[in-house]
Amino acid sequence: MQRVPPHGCGTIPNTKKPMPIIISDPDDPRIEPYRAVRERDLVGRENRFVAEGEVVLRVLLKQRRFQLESVLLAENRVESLAEALAALPSEVPVYTANRQVMDAIVGFPIHRGILAIARRAPLPAVDELLAGLPPKALVVGLVGLANHDNVGGIFRNAAAFGADAVLLDSQTCDPLYRKAIRVSVGGVLVVPFTRVPSASAMVEALRRSGFEAISLTPSGQETLASLKRMPRAALLLGAEGPGLPDAVLAQTRTVTIPMSGGFDSLNVATTSGIALHHLSGAGLDDEGLKSREIADL
């Protein structure tokens, strides 16, 4: 017979597990924030956002910037996530439903079976965000990017190559849109970001905080391979097709990536990965890249 150690002696393993709340009715008011996900992604959900998929949820659980409000899981996903969910505060409900009920709630077949609702964090003022970055810092600026896949891909690269922040102009799409978060594999939740009114306001803010703005464009005056960056550098990226405005190019250092076969450009997310890989090491001293704690993506 197994002996139980007396009180205060020995080690009792942590057996805490989430106690899911079973949802059997798609019209249950408790899961209202999850209803008709695709449609409500477009019109917003009262300062909240939806996180989808296991990788994204695990990243979200490690963040302190966003307040997690609830989790909705397909019943076959509860056990595999029990350890991760055990750290949730008791006031955060974990709902579970069978596949048919969950599909009816969200409005389409939710193959990953994992959703969460979190509250958006207030966006800092751009000067405040930039002033709080270290002396050696790398920032990404997005101008006019309306494609969620591209924005998500750029945030993924920004996280992977240690960018300190992302700035978005008013025409760039929402990085906390569900698809953008998913494509970023949680990078949107890791890299700080804020908005500025316009591309010119972005350039001015970077200048005030001692950043050199580097515009990536097929008409750049120097090649990426030859670029030596300043300690504080910002990579500016425009939408595929129109690219960055002429006024921005006239005020910034312009850089190109030479190509063969008559091509003059790459997908902007792909381009960001190439450029960030170079800039993450270009111009840094012998101590190498400063270390960063980035969630496992």
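Residues numbered from 1 in each chain as written. Predicted model: local features only at pLDDT ≥ 70, side-chain atom pairs only at ≥ 80, totals over all residues. Heavy atoms only, no water.

Moving on, we get to the sheet that holds strand β4 (residues 94-97). Pairing is mixed in the open sheet, where 5 strands are placed in the order β1-β4-β3-β5-β2. The open sheet has two edge strands, β1 (21-22) and β2 (48-52), and neither has a second partner. Pairing analysis gives 4 bridges linking strand β3 (residues 67-74) to β4, with the strands arranged parallel. If you follow Leu73 over to β4, its bridge partner there is Thr96. Taken strand by strand, helix α2 (residues 54-62) contacts β2, β3 and β5 (114-119), and its axis lies near 35 degrees from that of β5. This element, helix α4 (residues 99-106), spans β3, β4 and β5 of the sheet and lies at about 130 degrees to β3. (Pairing = 2+ DSSP bridges. Helix = DSSP H or I, 4+ residues; strand = E, 2+ residues; numbered from the N terminus. Contact = heavy atoms within 4.5 Å. Axes fitted to C-alpha atoms, helices over the stretch in contact; angles between N-to-C directions.)

Let's shift gears to the sheet that holds strand β6 (residues 137-143). The strands making up a sheet associate through backbone hydrogen bonding, with each pair oriented either parallel or antiparallel. Reading across the sheet, the 7 strands line up as β8-β7-β6-β11-β9-β12-β10 and stay open at both edges, with parallel pairing between neighbours. Two strands in the sheet have a free side with no partner beyond their single neighbour: β8 (193-195) and β10 (222-223). Bridge count between β6 and strand β11 (residues 232-238): 7 bridges; the pairing is parallel. The residue bridging Gly141 from the neighbouring strand is Leu236, located in β11. Running at roughly 175 degrees to β6, helix α6 (residues 148-160) makes contact with β6, β7 (165-168), β8 and β11 of the sheet. Docked against the sheet, helix α11 (residues 268-279) engages β6, β9 (212-216) and β11, running at close to 165 degrees with respect to β11.

For β2, the buried fraction is high: 5 of the 5 residues fall into the buried class. Because side chains alternate across β2, one face comprises the buried residues Arg48, Val50 and Glu52, and the other comprises Phe49 and Ala51, equally buried. Of the pairings in the sheet, the one linking β2 to β5 comprises 5 bridges and is antiparallel in character. Looking across to β5, one finds that Phe49 is bridged to Ala118. (Buried < 20%, exposed > 50% of the residue type's maximum accessible area, 1.4 Å probe, protein only.)

A few words now on the confidence of the model for the protein chain. Averaged over every residue, the pLDDT of the protein chain is 87; the share at 70 or more is 85%. Segment residues 1-15: pLDDT under 50, and 1 contact once partners within four positions in sequence are set aside and those in other chains are kept. Every residue in residues 283-297 is under pLDDT 50, and counting partners more than four places away or in other chains gives 27 contacts. (pLDDT = per-residue confidence, 0-100.)

With that out of the way, let us pick up the pattern of salt bridges. A side chain of one charge can pair with a side chain of the opposite charge if their charged atoms are brought near each other. The full count for this structure, using the stated rule, is 15 salt bridges. With its nearest N and O atoms 2.8 Å apart, the salt bridge here joins Asp28 to Arg30. Arg182 is paired through a salt bridge with Glu52; the nearest N and O atoms lie 3.2 Å apart. Here Arg182, found in helix α7 (residues 178-183), pairs with Glu52, found in strand β2; they are 130 residues apart in sequence, far enough to count as distant. A residue is classified by how much of its surface remains accessible, and Arg182, at 23% relative accessible area, is partly exposed. A single network of salt bridges, built from pairs that share partners, joins Glu52, Arg112, Arg178 and Arg182. (Salt bridge = Lys/Arg side-chain N within 4 Å of Asp/Glu carboxyl O.)

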